[in-house]
Amino acid sequence: MKTLSFLLQKEFKQIFRNPTLLRLIIAVPIIQLMILPLAADYEIKNINLAVVDVDKSRYSEELIQKITASGYFVNIGTTTSFDEAFSWIEEDKADLILEIPENFERNLIRENKERLFMAINAINGVKANMGGAYLGQIIQSYNAEVRMEWIPDTKVPPMPTISISSLNWFNPSLNYDFFMVPGILVFLVTMVGTYMTALNIVKEKEVGTIEQINVTPIKKLHFTLAKLIPFLVIGIFVFTLGLFIVARLVYGIVPAGNIGMIYAYLFLYLISVLGVGLLLSNYSQTQQQAMSLAFFFVMIFLLMGGLFTSIDAMPLWAKWIAYLNPVSYFIDFMRLVVMKGSTFADVKHHFMVICGFAVFFNTWAVISYKKTS
Amino acid sequence: MAIVRIAPAVNGYFAAGILPAKEVAMSNYVIEAENLTKRFGDFTAVNEISFHVEKGEIFGFLGANGAGKTTAMRMLCGLSIPSSGKATIAGFDVYKQTESIKQNIGYMSQKFSLYEDLTVLENITFFGGIYGLSRKEIAVKADQLLHELGLFDHENTLVGSLPLGWKQKLAFSVAIFHEPSIVFLDEPTGGVDPVTRRQFWDLIYKASDAGITVFVTTHYMDEAEYCNRISMMVDGEIKALDTPENLKKQFNARSMDDVFFELARGAKRSGD
């Protein structure tokens, strides 16, 4: 215990004597939480639309008006030539072409039906899909409006309409930030845990001080704990800064679940990822190696952790990677507890799994740290 | 021509075969190595070296670069497990009791190994602390040490900003701060000016007078003269072991430089 106090004193002094590190600890969570949720947004807006309006009628004008008024589309130009519009797609100015054929209005009124043509630039599949779907919906609703216009006097519409009303639970305003911010908090503490710990120990290897440590009677467990505890404290600090300052003040996110339980989980989670950091340092000799290794694993952890893409939608083999990934449990936990207000009974499984990870990684780390070769 | 002179008492020990346990325990040797070997794959870095070092002795461990000095020293410090052979350090076995060895030795490596981002006093406190000294003991001894080294005004200076000579003297003092029975010095005066080297050796003599055994590797032949006994390693083997005087006589040499050349000339492993 006494040895540990000397070790911790040394670690904290070294960390607090490193101004770059301190600035990073404060600035990184704030900046990332401000930028990432706004940038990593699935909602597709600003789709560039080119309109080929051959008809130039009142109806076609109205339709175009309605489309641009939706807010999803930017009308980059109206032309009468499909070829010209297509050249805009080729030049990457337009994402989507809507072609309104000649006699659109006349045929709609006379023959009661007419076709529109949509050409979509599908290089960005998500944007193409969503754009096509939005446009389809707007046209449908315009179609309905036209119908209602034609039958103002009849009491019963000729076609029954089903109206759907829905209620969005847990995130009533469908605010995407509410979904992303808890996940990004997890991302932040994962970075602190893996990179900082791994680099800290490998630096001692590079400088040569680890040799001096190995020739002393320090116990492996004490050395490991002394490297874990400072970054555990920093991880908790970064998380708190993110949750209570940025998430609350900037995004207005107030966790619906129990704060104490969130911190209990954070504690266990940090111990697991710190164990990963320790492990990486045991298997690398230089800071460059440690950085590359950490980058590789953090990349997989995050992309396979359900931060940006839904785990449910992954193929089975990929789901297994997600199940073996501590990040995916914490992201899920955060979304459940922060947004839905889940209680301990709901997340008992998450707790059990993270305890397993913590024990596994740290045992491995202590065993693989060799004082004697 | 292996001329490993073994001290008479040791000869007696082996001749007698078995001695009463009490006498063995009272043996004055703090380092005993017998056929100590370290192999890395096909390469034999240290080949069956045997020697004994007495308590309080200054034992010089010489050899060209790549002769196996550092590897041998790492085995004696419990940093590296030997491939074969026997050795005890302060009575502890190099295979099984590495952690007990570590409690009883001090070590100063080739690479400067104090923390450059900690102050002089913080380094002393840290290394004192991990060897189990209490904060009170450390405070008293640190005060004394800083006065001796003339570093009293610099206790709050970051070690990284000290001149190399001071760093080395400090590193040595930190290595013996917990009063170990042996201190291992791996080329402690590399890159240090002659005046500071002289001061450094004053520190070594002082430690030796206090009963600390000094095991030192060096490339400076003038420093070799300061040692009580010297061993010369060539290609992983000890080719000569005696006092500087006797070695010079034996090789008909005027200086230790000549002795070194005589022995190292036949080396197959080229230095780096």
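The shown structure was predicted, so the numbers you read here are calculated from the model rather than taken from an experiment. (Residues numbered from 1 in each chain as written. Chains lettered and ligands numbered in written order. Predicted model: local features only at pLDDT ≥ 70, side-chain atom pairs only at ≥ 80, totals over all residues. Heavy atoms only, no water.)

Trainee: So what's going on with the overall build of chain A? Which residues, and what values?
Mentor: Of regular secondary structure, chain A possesses 14 helices and 4 strands. For chain A, the C-alpha radius of gyration of 28 Å lies well beyond 21 Å, the compact-globule estimate for 373 residues. Based on the C-alpha atoms only, the size of chain A along its principal axes is roughly 95 × 45 × 40 Å. The buried share among the 373 residues of chain A stands at 47%. Of all intrachain contacts in chain A linking residues separated by at least 6 positions in sequence, the fraction that spans at least 24 positions is 78%. Total accessible area on chain A is roughly 19,100 Å²; 64% of this is exposed by carbon and sulfur atoms. Across chain A, the centroid of the 29 positively charged side chains sits 20 Å from that of the 28 negatively charged ones. (Helix = DSSP H or I, 4+ residues; strand = E, 2+ residues; numbered from the N terminus. Rg over C-alpha atoms; globule rule 2.2 N^0.38 Å. Buried < 20%, exposed > 50% of the residue type's maximum accessible area, 1.4 Å probe, protein only. Contact = heavy atoms within 4.5 Å. Areas by Shrake-Rupley, 256 points an atom, 1.4 Å probe, with all protein chains shown as cover. Lys, Arg positive; Asp, Glu negative; His and termini not counted. Charge placed at Lys NZ, Arg CZ, Asp CG, Glu CD.)

Trainee: Break down a nonpolar patch on the surface for me, citing the residues and quoting the values.
Mentor: Residue and element names in this part refer to chain A. Where nonpolar side chains cluster on the molecular surface, the patch consists of F295, F296, F297, M299, I300, L303, F308, W317 and I321 and spans about 860 Å² of accessible area. Within the residue set of the nonpolar patch, elements represented by two or more residues are α11 (287-303) and α12 (316-323). With respect to the helices and strands, L303 occurs in helix α11. Judged by relative accessible area, L303 falls into the partly exposed class, the value being 46%. (Patch = residues over 30% accessible without salt bridge, like charges linked within 9 Å, V, L, I, M, F, W, Y side chains within 5 Å. Salt bridge = Lys/Arg side-chain N within 4 Å of Asp/Glu carboxyl O.)

Trainee: I'd like a description of the nonpolar core, backed by residues and values.
Mentor: Counting residues in each nonpolar core, the largest one holds 128 residues, and the members touching the most others are F330(A), L170(B) and F172(B). By residue number, the principal contributor to this core is helix α7 (residues 176-207) of chain A, which donates 15 residues. Sequence-distant contacts of L170(B), defined by excluding residues within four places in its chain, comprise L114(B), V120(B), I124(B), L149(B), L151(B), V159(B) and L162(B). (Core = buried A, V, L, I, M, F, W, Y, C linked by side-chain atoms within 4.5 Å.)

Trainee: Kindly report on the sheet that holds strand β2 (residues 29-40) of chain B, identifying the contributing residues and their values.
Mentor: Residue and element names in this part refer to chain B. Spatial strand order, β3-β2-β5-β6: 4 strands in an open sheet with antiparallel pairing. Strands with a single pairing partner mark the edges of an open sheet, and in this sheet they are β3 (43-54) and β6 (92-93). Here β2 runs beside β3; their pairing, made up of 8 bridges, is antiparallel. When the bridges of β3 are listed, R39 appears paired with T44. (Pairing = 2+ DSSP bridges.)

Trainee: Would you mind going over the interface of chain A and chain B in detail, with residue names and values included?
Mentor: In this complex, chain A contributes 28 residues to the contact, which on the side of chain B involves 36 residues. Summed over both sides, the interface of chain A with chain B buries roughly 2,700 Å², with 55% coming from carbon and sulfur. On the chain A side of the interface with chain B, the three residues burying the most area are F6(A), Q212(A) and V215(A), jointly 25% of the side's total. Counting the contacts that link chain A with chain B gives 3 salt bridges. (Buried area = accessible area lost by both parts, 1.4 Å probe.)

Trainee: Could you give an account of the pattern of salt bridges, naming the residues involved and the relevant values?
Mentor: Going through the model one piece at a time under the given rule, you end up with 20 salt bridges over all chains. In this structure, R229(B) and E57(B) form a salt bridge, with 2.4 Å as the shortest nitrogen-oxygen distance. Note that R229(B) is positioned in strand β10 (residues 229-234) and E57(B) in the loop between β3 and β4 (58-63), a separation of 172 residues in sequence. Here R229(B) and E57(B) have matching classes, each one buried. Linked through salt bridges whose partners overlap, the residues forming this network are K10(A), E11(A), E204(A) and K227(A).

Trainee: Quick rundown of the packing of helix α10 (residues 259-282) of chain A against helix α13 (residues 326-340) of chain A? Include the residues and the values.
Mentor: Residue and element names in this part refer to chain A. Here α10 crosses α13 at 175°, and the two axes come no closer than 11 Å. It follows that α10 is roughly antiparallel to α13 by the angle criterion. Between α10 and α13, the residues in contact are M261, I262, Y265, L266 and Y269 and P326, V327, Y329, F330, F333, M334, V337 and V338, respectively. Across the contact of α10 with α13, the residue classes tally to 13 nonpolar, no polar and no charged. (Axes fitted to C-alpha atoms, helices over the stretch in contact; angles between N-to-C directions. Parallel < 35°, antiparallel > 145°, perpendicular 65-115°, else oblique. Nonpolar A, V, L, I, M, F, W, Y, C, P; charged D, E, K, R; others polar.)

Trainee: Which residues make up the environment of G208(A), and what are the values?
Mentor: Mapped onto the elements, G208(A) comes out in the loop between α7 and α8 (209-214). Since its relative accessible area comes to 6%, G208(A) is described here as buried. In sequence terms G208(A) and S87(A) are 121 residues apart; their C-alpha atoms lie 63 Å from each other. For G208(A), the residues in contact, after removing those within four places along its chain, are K111(B) and S113(B).

Trainee: Break down the sheet that holds strand β3 (residues 96-100) of chain A for me, with residues and values.
Mentor: Residue and element names in this part refer to chain A. One open sheet holds the 4 strands; their spatial order is β2-β1-β3-β4, and the pairing between them is mixed. Each edge of the open sheet is held by one strand with a lone partner, namely β2 (73-79) and β4 (117-120). Strand-to-strand twist across the sheet, computed as the mean angle between neighbouring axes with direction ignored, equals 20°. Sheet analysis places strand β1 (residues 47-53) next to β3, joined by 5 bridges and oriented parallel. Counterpart to L49 in the pairing with β3 is L96.

Trainee: Tell me about the domain arrangement of chain A, residues and numbers included.
Mentor: Each domain of chain A was delimited in the assignment, giving domain 1 (9-40 + 173-368) and domain 2 (47-150). One C-alpha centre belongs to domain 1 of chain A, the other to domain 2 of chain A, and the line joining them spans 47 Å. (Domains from an automatic or database assignment.)

Trainee: Run through unusual backbone geometry, naming residues and quoting values.
Mentor: Residues and elements named next belong to chain B. The backbone of N35 shows a phi angle near 50°, a positive value even though the residue is not glycine. The topology assignment puts N35 in strand β2. Overall, the relative accessible area of 35% leaves N35 in the partly exposed class. In this model, E187 sits at a positive phi of 45°, which is unusual for a non-glycine residue. With respect to the helices, strands and loops of the structure, E187 is situated in the loop between β8 (182-186) and α8 (194-209).

Trainee: Quick rundown of helix α4 (residues 82-90) of chain A? Include the residues and the values.
Mentor: Residues and elements named next belong to chain A. Of all the positions in α4, only A85, W88 and I89 are classed as buried. Here the buried residues of α4 occupy an arc of 100° about the axis, which is enough to place them on one side. Looking at α4, the residues exposed on the side facing more than 90 degrees away from the buried face are D83 and E90. Looking at the packing, one finds that the buried side of α4 touches β1, β2, β3 and β4. Two or three places before D83, at the start of α4, stands the capping residue S81, its side-chain oxygen 3.3 Å from that residue's backbone nitrogen. (Arc of directions from axis to C-beta. Polar contact = N/O pair within 3.5 Å; in protein donor to acceptor, adjacent residues only side chain to side chain.)

Trainee: Pulling in residues and values, what's your account of the environment of T190(A)?
Mentor: All names here are of chain A. Mapping T190 onto the fold places it in helix α7. On a C-alpha basis, the gap between T190 and I64 in space is 47 Å, while along the polypeptide they are 126 residues apart. Look past the residues within four positions of T190 in its chain and what remains in contact with it is Y269, V273 and V327. One polar contact links the side chain of T190 to the main-chain carbonyl oxygen of V186, over a distance of 2.6 Å.

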